[in-house]
Amino acid sequence: MERMGDGGERSGDGGQHWSTRTPLVGRLGLEGPRAALTFAGQGVDALAEIEAVLGECPAARPLVQAASAGLAELLGAQAFRWSGLVDAGIDPLGWVEHPERRPSAAYLTSTLVSQPLIFVAQIARFRALWERGLSGALRRGGISAVTGHSQGLMAALLVSESHGGLIQTGRFVELVRYFAWQGLHMARAGAGFEAAGSERPWPPSPASRRTSCRRCWTGWPPRRARRCTSRCSTPARAWSRAADRRV
């Protein structure tokens, strides 16, 4: 989500006092709808963003704390415990306040961990902007639309259903946990994809891999996937593995 200025006056509804320069959020709504909020998708350093937001806006801390608590409870479920993918948990608040506890970069960017972290970062940033005057812009009608790209759509959904932009903690935690489940299913699908592919005599070149029938499925149980690929793998078998060409 784009940051709308880095200074401003005290918000009219009790927000924190920032610097004297009026930010964009303080000017929205003075002449009718003037802006749309857009949430991005993947590709952000979510933990660094959460850390930056908490340094700027302590009012966002309860949301991050609720996310950590909700994830800790969820990861006790058998599906997560037996997955072997979240041995270090998912604790955005703990990792920010105790950097020495942070797991490796590979762990943080794994799909199961990164998806809930990115969502927490997006909503925490929104809350910080809400405190800096976005609440007034929403009240005055200065925001014409809320949208998002990829998983940013879920952040846009939460904001759009929140009266006056005030995020409800229970609903927020529900969606944080949703992203953990989604990440788990995606990780499992990827593992099944690789396992099924390794058992097939696929063509060795990257170009031929991209056109092989491994593209025809995702998220299926490996046994079902192998049945599917066996039905459409005749072209793949017709490749010469030595010359990487049709024979």
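Being a predicted model, the structure only gives us computed values, none of them experimental.

What counts, and where the lines are drawn
Residues numbered from 1 in each chain as written. Predicted model: local features only at pLDDT ≥ 70, side-chain atom pairs only at ≥ 80, totals over all residues. Heavy atoms only, no water. Helix = DSSP H or I, 4+ residues; strand = E, 2+ residues; numbered from the N terminus. Buried < 20%, exposed > 50% of the residue type's maximum accessible area, 1.4 Å probe, protein only. Contact = heavy atoms within 4.5 Å. Core = buried A, V, L, I, M, F, W, Y, C linked by side-chain atoms within 4.5 Å. Salt bridge = Lys/Arg side-chain N within 4 Å of Asp/Glu carboxyl O. Phe/Tyr/Trp six-rings, centres within 6.5 Å; stacked < 30°, edge-to-face > 60°. Arc of directions from axis to C-beta. Pairing = 2+ DSSP bridges. Axes fitted to C-alpha atoms, helices over the stretch in contact; angles between N-to-C directions. Parallel < 35°, antiparallel > 145°, perpendicular 65-115°, else oblique. Left-handed = near helix turned anticlockwise from the far one by under 90°. Nonpolar A, V, L, I, M, F, W, Y, C, P; charged D, E, K, R; others polar. pLDDT = per-residue confidence, 0-100.

Caption draft 1: Up close: the overall build of the protein chain. Across its full length, the protein chain holds 12 helices and 4 strands. Each of the 247 residues in the protein chain was classed as buried or not, and the buried ones make up 45%. In the protein chain, the proportion of contacts linking residues at least 24 apart, taken out of those at least 6 apart, comes to 69%.

Caption draft 2: Layout of the environment of Leu117. Relative to the elements of secondary structure, Leu117 occurs in helix 7 (residues 111-140). Classification of Leu117 as buried rests on a relative accessible area of 2%. Residues Leu117 and Val64 lie 53 residues apart in sequence; the distance between their C-alpha atoms is 9.6 Å. In this view, Leu117 contacts Ala46, Ile50, Ile90, Pro92, Trp95 and Leu108; residues no more than four positions away in its chain are not counted.

Caption draft 3: Region of interest: the nonpolar core. Residues Ile90, Phe119, Ile123 and Phe172 are the most contacted members of the largest nonpolar core, which totals 55 residues. Ranked by the residues each element gives to this core, the list is headed by helix 7, at 15 residues. Leave out the neighbours within four places in its chain, and Ile90 touches Ser68, Leu71, Leu75, Trp95, Leu112, Val113, Pro116 and Leu117.

Caption draft 4: Region of the structure containing the side chain of Arg127. Looking at the element boundaries, Arg127 is found in helix 7. In contact with Arg127, not counting residues within four places along its chain, are Ala59, Ala60, Leu63 and Leu166.

Caption draft 5: The pattern of salt bridges, seen in detail. For the structure shown, the criterion picks out 9 salt bridges. In this structure, Arg127 and Glu131 form a salt bridge, with 2.8 Å as the shortest nitrogen-oxygen distance. You can see Arg127 and its partner Glu131 sitting in helix 7, 4 residues apart, about one turn around the helix. Across this residue pair, the class does not change: Arg127 and Glu131 are buried. When salt bridges that share partners are traced, they join Glu49, Glu56, Arg125 and Arg132 into one network.

Caption draft 6: Representation of unusual backbone geometry in the model. With a phi angle near 55°, Ser150 is a residue other than glycine that sits in the positive phi range. As for its position among the elements, Ser150 is in the loop between strand 2 (143-148) and helix 8 (152-160). Residue Ser150 is classed as partly exposed on the basis of its relative accessible area, which comes to 43%.

Caption draft 7: Structural view of the packing of aromatic side chains. Inspection of the entire model under this criterion finds 6 aromatic pairs. Both rings, one in Phe119 and one in Phe179, keep their centres 5.1 Å apart while their planes meet at 40°; by these two values the pair is tilted. Of this pair, Phe119 sits in helix 7 while Phe179 sits in helix 9 (residues 169-198), placing them 60 residues apart in sequence. Each member of the pair, Phe119 together with Phe179, is buried.

Caption draft 8: How the structure looks around helix 8. Listed in full, the buried residues belonging to helix 8 are Gly152, Ala155, Ala156, Leu158 and Val159. Viewed end-on, helix 8 has its buried residues packed into an arc of 160°, placing them on one side of the element.

Caption draft 9: Geometry of the pairing of strand 1 (residues 35-39). With burial as the criterion, only one face of strand 1 is covered, namely that bearing Ala35, Leu37 and Phe39; the residues Ala36 and Thr38 on the opposite face remain uncovered. Examined bridge by bridge, strand 1 and strand 2 share 5 bridges and lie parallel to one another. Note on strand 2: the bridge partner recorded for Ala36 is Ala145.

Caption draft 10: Examining the packing of helix 2 (residues 46-56) against helix 7 more closely. Two elements in contact, helix 2 and helix 7, have axes whose closest approach is 9 Å; the angle formed by their N-to-C orientations is 25°. Between helix 2 and helix 7, the crossing angle belongs to the class labelled roughly parallel. In this structure, helix 2 crosses over helix 7, and the sense of that crossing is left-handed. Only Leu117, Ile118, Val120, Ala121, Ala124, Arg125, Ala128 and Arg132 of helix 7 make contact with helix 2, whose side of the interface consists of Ala46, Glu49, Ile50, Ala52, Val53 and Glu56. Residues belonging to the contact of helix 2 with helix 7 are distributed by class as follows: 10 nonpolar, no polar and 4 charged.

Caption draft 11: Spatial organisation of the confidence of the model for the protein chain. For the protein chain, the average pLDDT comes to 77, and 67% of its residues sit at 70 or higher. Mean pLDDT values over the elements of the protein chain span from 37, in helix 10 (residues 206-210), up to 98, in helix 3 (residues 61-74). Contacts from residues 193-218, a stretch scored under 50 in pLDDT, to residues over four places away or in other chains number 40 contacts. Every residue in residues 236-247 scores below 50 in pLDDT, and together they form 21 contacts with partners more than four places removed in sequence or on other chains.

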